[in-house]
Amino acid sequence: MYAKSNPSDARANNRRLLFRLLFPDRQLSRADLCKETGLSRATATDVTGEMIDDGLLRELGSGKRDGRGKPGTLLAIDTDVLRLVCIDLSRPYVMTGAVMDLRARIVERRERVLDDGDRVDLDDVLSLVGQMIRLAGSGLVGIGVAVPGVVSGAGRVISSSNLGWDDVGLRDMLEGGFSLPVRVDNDANAALLADRFLGHGNPNCLLVQITRGIGASVLLNDEFVDGDDHAAGEIGHVVIDPNGPACTCGKRGCLETYVSAIALRDRIRRDPNRRVDILAEAGARLGGALAMPASLLNLHDIAVYGPPDIVGETLLNACDETVNSLSRNDYQSSMRVRRCELGDDATLRGQAVSVLREIVGRRGLSATASS
């Protein structure tokens, strides 16, 4: 059976396409957009006009004249009208909330220290979301939450051992409470979105996030690899040495026991004179773990996101050398291991990108924005 074509789907796709070409900070005329997309001038004019009315785009001045014709009016993302609220639950000891503009930049920011270390109470999340909504004022069109753990496509947190959550319908809870579109995503996926669209990422990329644990995310042709159980990238508890140190999960020698920021800082604290050796060893172990999946998917771009005292030149060089030495052949280009350089707010900004991907195809955003 084939589904019938729906004209509204084509319109939504055109909105997403045009927004993506301009995001985050390009300035293009309607003629430029037609050249880059293949859309007709009439379609581009109609769709961009609708997006201007919705507060997604704005007209700037005239661009440079190209040939004899009148110079076209430049279009850009409108950062003055609409707002997003995003929450980052991935960092230990703190919840971070932000009001964001449509270029995924932080307009207002608040933090709440967690009394119980990593454990997060749902009421506290709802309270922080409410506080950020009040700060956002009118024009709020979406909410995003980045969560460490396994998250379904429907925004249900299947499992988050760090937060102490199991089977939490977070998206439904937030949409029911605040009557706005909501995206709930894995924190590594959010970081990869930031690297892809705000940093130096590619349509095909693997990102490894090193924090209290270790997780990964994969983009293939700009689509996430989720897996049957929505657990793709949960590599922290893959055993790399059956005789290794005991892990909190009950096994021995998990990747997390060797490469997480907590484990590495503890080793360095106990033996500071071996700091370089410890980080080089961790990089080599990480490279060994990534060689097979990176080769299987023919990926050339590996980004590592984590604190600068851990994810620096020593660890990255060791990882790069190991992953390439183990996977080198005559018919594939070498892999590049690099640092994700978007700072502590990468997860927040990537979560904003996720919300934008969800809402830009919808018509009438400015009319339905919260007040």
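The protein chain has the name ROK family protein in an unreviewed UniProt entry, where Bifidobacterium aerophilum is given as its organism.

Caption draft 1: Quick look at the sheet that holds strand β14 (residues 223-224). One open sheet holds the five strands; their spatial order is β14-β13-β12-β15-β16, and the pairing between them is mixed. Of all strands in the sheet, those with a lone pairing partner are β14 and β16 (336-339), marking the two edges. One ladder, built from four bridges, connects strand β12 (residues 205-210) with strand β15 (residues 301-305); its direction is parallel. The residue bridging Leu 206 from the neighbouring strand is Ile 302, located in β15.

Caption draft 2: Structural context of the packing of helix α4 (residues 122-136) against helix α5 (residues 170-178). Between α4 and α5, whose axes approach to 12 Å, the crossing angle comes to 45°. On the basis of their axis angle, the class for α4 and α5 is oblique. By crossing handedness, the relation of α4 to α5 is classed as right-handed. Where α4 abuts α5, its residues Leu 122, Leu 126, Val 129, Gly 130 and Ile 133 lie against Leu 170, Met 173, Leu 174 and Phe 178.

Caption draft 3: Inspection of helix α8 (residues 261-270) at higher detail. Among all positions of α8, only Ala 261, Ala 263, Leu 264 and Ile 268 are buried. With its buried residues spanning 165° around the axis, α8 presents them on a single face. The exposed residues of α8 that point more than 90 degrees off its buried face are Ile 262, Arg 269 and Arg 270.

Analysis parameters
- Residues numbered from 1 in each chain as written.
- Predicted model: local features only at pLDDT ≥ 70, side-chain atom pairs only at ≥ 80, totals over all residues.
- Heavy atoms only, no water.
- Pairing = 2+ DSSP bridges.
- Helix = DSSP H or I, 4+ residues; strand = E, 2+ residues; numbered from the N terminus.
- Axes fitted to C-alpha atoms, helices over the stretch in contact; angles between N-to-C directions.
- Parallel < 35°, antiparallel > 145°, perpendicular 65-115°, else oblique.
- Left-handed = near helix turned anticlockwise from the far one by under 90°.
- Contact = heavy atoms within 4.5 Å.
- Buried < 20%, exposed > 50% of the residue type's maximum accessible area, 1.4 Å probe, protein only.
- Arc of directions from axis to C-beta.

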